[in-house]
Amino acid sequence: MNILLIGSGGREHALAWAISKSKHTDTLFIAPGNAGMEECGKLVQVDVEDHAAVAEFCAEENVQFVVIGPEQPLVDGLADILRECGIKVFGPSQAAAQLEGSKYFTHQLCDEMNIPAAKYKKFDALEPALTYLTTQGAPIVIKADGLAAGKGVTVAETIEQAEAAVRDCFDGAFGDAGASVVIEECMVGEEASVFALSDGNNVVLLPSAQDHKRAYDGDKGPNTGGMGAYSPAPVMTAEMMERTRKEIIEPSIKGLAARGTPFAGVLFAGLMITAEGPKLIEYNVRFGDPECQVLMMRLQSDIVELLTACADGTLDEETPVFDNGVALTVVMAAKGYPGSYEKGTEIKGLDTIDNDNVKIFHAGTKRDGDKLVSSGGRVLNVTAKGANVQEARDRAYAAIDKIDWPEGFCRTDIAWRAIERG
């Protein structure tokens with residue numbers, strides 16, 4: 001069948017790569033895509049913010065299935081419009097996508113379903129929030145309630161930092177996303193990510209992953225969209241995965257179904273593994289970036305069969321198979337990221353990397369004549385697999401050594417936690 005993939009980042013390149021290998025894929029259209037995705041399908045210029053235009057394109061090109069990569073179109077209701085037009089979609093409805101669209105929405109669901117999460121309080125005005133901070137102390141977590149492109153969360157080490165973060169939200173630093181603020185306790189433990197597919201009723205747990213948010217080695221520097229990831233996460237033992245399923249994922253799916261807003265798509269649970277067990281930090285309603293890249297590297301099943309099962313309500317018939325080894329990705333970003341950075345710098349050497357165990361997913365690239373140049377902050381995801389984390393990491397960094405891009409940088413310690421565990 002003809003398939004349309006929405007998105008342009010490294011996550012979408014990984015999805016496009018997996019979808020292009022499926023026996024069910026005839027033509028894969030990608031809107032808007034990037035330079036790396038040219039090998040996977042046909043890049044098309046469709047305004048994904050114009051939902052009617054997306055539906056019209058699907059009708060013109062006989063697209064039978066749409067995979068929505070990023071969160072914004074889901075929160076904006078693109079999946080609903082396409083379903084109304086009779087087009088099969090992978091991705092939740094606008095109502096269910098509020099799991100990512102509103103931190104408060106997720107906390108309410110956790111309260112309702114007795115899901116372990118951080119203690120919290122929501123505020124719609126500055127002064128009550130500031131007063132509350134003085135009663136709580138630090139460290140403490142400040143979150144803009146709405147979508148803020150991954151930039152609306154501050155883990156404040158001092159009350160002064162917390163007050164500044166609250167003021168930023170109410171002063172409009174994150175637009176409408178900061179009109180309400182959620183203040184949470186700072187949970188202690190190790191972070192991990194778990195992904196689950198759902199068709200609204202059934203749940204299939206995917207492997208765990210662990211990412212690195214800080215920009216520099218040693219988990220120093222500002223937070224980013226993610227500078228690397230690996231799968232599986234050693235902290236997510238079989239026991240911890242089962243507890244996550246029973247205590248967090250399944251109650252969430254049941255709660256949304258009971259509300260009349262079933263969740264069909266991929267649920268991305270950001271977890272804190274505490275002394276008491278797993279607790280929910282946040283939900284995302286799409287694959288993680290760069291976690292998706294390591295999951296796709298390990299996936300051995302046909303991804304289109306898994307994604308269409310979510311749309312068809314037949315997920316109970318699917319059992320995905322993943323490589324037993326480890327996959328790891330290192331993000332190469334433009335120098336200056338996540339602050340200001342230069343675009344349009346030339347990248348060379350990718351054609352020298354010819355290895356079945358290594359795949360380079362493009363996150364922010366474009367063509368400039370016959371040159372490959374950068375077009376974003378996070379630019380390349382150098383992804384490798386191996387029998388263990390050390391082998392996967394060695395292969396990824398060996399590939400990076402062949403890339404000629406002086407204007408880029410990467411962390412050199414991805415998966416340090418897993419390496420320390422031995």
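Because the structure is a prediction, the values reported are computed rather than measured. Sequence positions are assigned chain by chain, starting from 1 and proceeding in written order. With the structure being a predicted model, the display of local features is reserved for residues of pLDDT at least 70 and the display and counting of side-chain atom pairs for 80 or more, all residues being used for whole-chain, interface and lining totals. Note that water and hydrogens are dropped before the side-chain values are worked out from all heavy atoms of the structure.

A. Inspection of the overall build of the protein at higher detail. Under the DSSP-based scheme used, a helix requires at least four consecutive residues in state H or I and a strand at least two consecutive residues in state E, with every element numbered from the N terminus. Across its full length, the protein holds 13 helices and 22 strands. Along the first, second and third principal axes, the C-alpha set of the protein runs to 60 × 50 × 40 Å. Only protein chains enter the area calculation, which uses a 1.4 Å probe; residues under 20% of their type maximum are buried, those over 50% are exposed, and those in between are partly exposed. A burial count over the protein gives 57% of its 422 residues as buried. The contact definition used throughout considers only heavy atoms, calling two residues in contact when any of these lie within 4.5 Å. Sequence separation of 24 or more characterises 69% of the internal contacts of the protein that already satisfy a separation of 6 or more. Of the roughly 17,300 Å² of accessible surface on the protein, 45% is carried by carbon and sulfur atoms. Side chains of the protein carry 39 positive and 63 negative charges; the gap between the two charge centres is 4 Å. All accessible-area figures derive from a Shrake-Rupley calculation using a 1.4 Å probe, and residue coverage is judged against the displayed protein chains alone. Here the positive residues are Lys and Arg and the negative ones are Asp and Glu; neither His nor the chain ends is included. Here the site of a charge means NZ on Lys, CZ on Arg, CG on Asp, or CD on Glu.

B. Focus on the packing of aromatic side chains. Centre distance within 6.5 Å is the pairing criterion for rings of Phe, Tyr and Trp, where only the six-membered ring of Trp is used; planes under 30 degrees apart are then read as stacked, over 60 as edge-to-face, and the remainder as tilted. Taken as a whole, this structure holds nine aromatic pairs when the rule is applied. Members of the aromatic cluster, joined through ring pairs, are Phe90, Phe195, Phe268 and Phe287. A ring has a charge above it when a Lys NZ or an Arg CZ is no more than 6 Å from the ring centre and no more than 35 degrees off the ring normal. Cation over ring: Lys122 sits above Tyr104, and NZ or CZ is 4.9 Å from the ring centre.

C. View of the pairing of strand β10 (residues 190-199). Of all 10 residues in β10, nine are buried, a share of seventy percent or more. As defined by bridge partners, β10 adjoins strand β15 (residues 264-274) across 10 bridges and the pair is classed as antiparallel. Paired with Ser198 across the strands is Gly265, a residue of β15. DSSP bridges decide pairing: two strands pair if at least two such bridges lie between them. Across five bridges, the pairing between β10 and strand β11 (residues 203-211) is antiparallel. When the sheet's bridge partners are listed, Ala196 is paired in β11 with Leu205. Where β10 folds back on β11, the antiparallel hairpin that results is connected by three residues, among which Gly200 adopts a positive phi of roughly 110 degrees.

D. Spotlight on the sheet that holds strand β4 (residues 63-68). Across the sheet, five strands lie side by side as β3-β2-β1-β4-β5; this open sheet has parallel pairing. This sheet does not close on itself; its edge strands, each paired only once, are β3 (42-43) and β5 (88-90). Summarising the sheet, strand β2 (residues 28-32) and β3 pair through two bridges and their orientation is parallel. Within the sheet, the bridge partner assigned to Phe29 lies in β3 and is Lys42. Along the sheet face, helix α2 (residues 51-60) touches β1 (2-7), β2 and β4 and points at about 155 degrees away from the line of β1. Under this scheme, a helix contributes an axis fitted over its contacting stretch, all axes are lines through C-alpha atoms, and angles between N-to-C directions fall in the 0 to 180 degree range.

E. Layout of the packing of helix α1 (residues 10-20) against helix α10 (residues 291-298). Direction vectors running N to C along α1 and α10 enclose 15 degrees, while the axes themselves pass 8 Å from each other. Of the possible angle classes, the one that applies to α1 and α10 is roughly parallel. Here α1 runs over α10; the crossing is left-handed. Between α1 and α10, the contacting residues are Gly10, Arg11, Ala14, Leu15, Trp17 and Ala18 on the first element and Cys292, Gln293, Met296 and Met297 on the second. Gly is placed with the polar residues, together with every amino acid not listed as nonpolar (Ala, Val, Leu, Ile, Met, Phe, Trp, Tyr, Cys and Pro) or charged (Asp, Glu, Lys and Arg). Looking at the contact of α1 with α10 residue by residue, the classes come out as seven nonpolar, two polar and one charged. Throughout, the term roughly parallel applies to angles under 35 degrees, roughly antiparallel to angles over 145, roughly perpendicular to angles from 65 to 115, and oblique to all others. Working rule for handedness: look at the near helix, and if it is turned counterclockwise from the far one by less than a right angle, call the crossing left-handed; if clockwise, right-handed.

F. Fine view of unusual backbone geometry. Here the amide bond leading from Ala138 into Pro139 is cis, since omega sits at 0 degrees, within 30 degrees of zero. When you line up the elements, Pro139 lands in the loop between α7 (126-136) and β7 (140-144). Following Tyr337, the chain continues to Pro338 via a peptide bond in cis, the omega torsion being 10 degrees. Residue position: Pro338 is located in the loop between β17 (326-334) and β18 (358-362). Even without being glycine, Asn114 reaches a positive phi, approximately 60 degrees.

G. Examining the sheet that holds β7 more closely. One open sheet holds the four strands; their spatial order is β6-β9-β7-β8, and the pairing between them is antiparallel. At either end of the open sheet lies a strand with only one pairing partner, and these are β6 (120-123) and β8 (153-156). Recorded for the sheet is a direction-independent mean angle of 20 degrees between the axes of neighbouring strands. The pairing of β7 with strand β9 (residues 181-185) spans five bridges and is classified as antiparallel.

H. Local environment of the nonpolar core. The nonpolar core is taken to be a set of buried Ala, Val, Leu, Ile, Met, Phe, Trp, Tyr and Cys residues, with the residues joined through side-chain atoms within 4.5 Å. In this structure, Leu4, Ile6, Val66, Leu82, Leu99 and Met236 are the most contacted members of the largest nonpolar core, which totals 51 residues. Apart from the residues lying within four places of it in its own chain, the contact partners of Ile6 are Glu12, Ala31, Val48, Val54, Val66, Val67, Ile68, Gly69, Pro70, Pro73 and Leu78.

I. Local environment of the pattern of salt bridges. In the sections that follow, a salt bridge refers to a side-chain nitrogen of Lys or Arg positioned within 4 Å of a carboxyl oxygen of Asp or Glu. Taken as a whole and judged by the stated rule, the model has 22 salt bridges. The closest approach of N and O atoms between Lys246 and Glu242, which form a salt bridge, is 3.9 Å. Here Glu242 and Lys246 lie together in helix α9 (residues 238-258), a separation of four residues that amounts to about one turn. When its relative accessible area of 55% is taken as the criterion, Lys246 is described as exposed. The closest approach of N and O atoms between Glu250 and Arg245, which form a salt bridge, is 3.8 Å. With a relative accessible area of 22%, Arg245 lands in the partly exposed category. Three or more residues are tied together by salt bridges with common partners; here these are Asp219, Arg411, Asp413 and Arg417.

J. Highlighting the environment of Ala97. Within the element layout of this structure, Ala97 appears in the loop between β5 and α5 (98-101). Along the primary structure Ala97 and Glu61 are separated by 36 residues, whereas in three dimensions their C-alpha atoms are 27 Å apart. Discounting chain neighbours no more than four positions away, the residues touching Ala97 are Leu74, Val75, Pro92 and Val285.

K. Representation of the side chain of Glu184. Following the sequence through the fold, Glu184 ends up in strand β9. Polar side-chain contacts of Glu184 include one of 2.7 Å to the side chain of His107. Every residue in contact with Glu184, bar those within four places of it in the chain, is listed here: His107, Ala118, Lys119, Tyr120, Ile140, Val141, Lys143 and Ile281. Think of a polar contact as two N or O atoms within 3.5 Å of one another; within protein, one of them needs to be a possible hydrogen donor and the other a possible acceptor, and neighboring residues in sequence only count if both atoms come from side chains.

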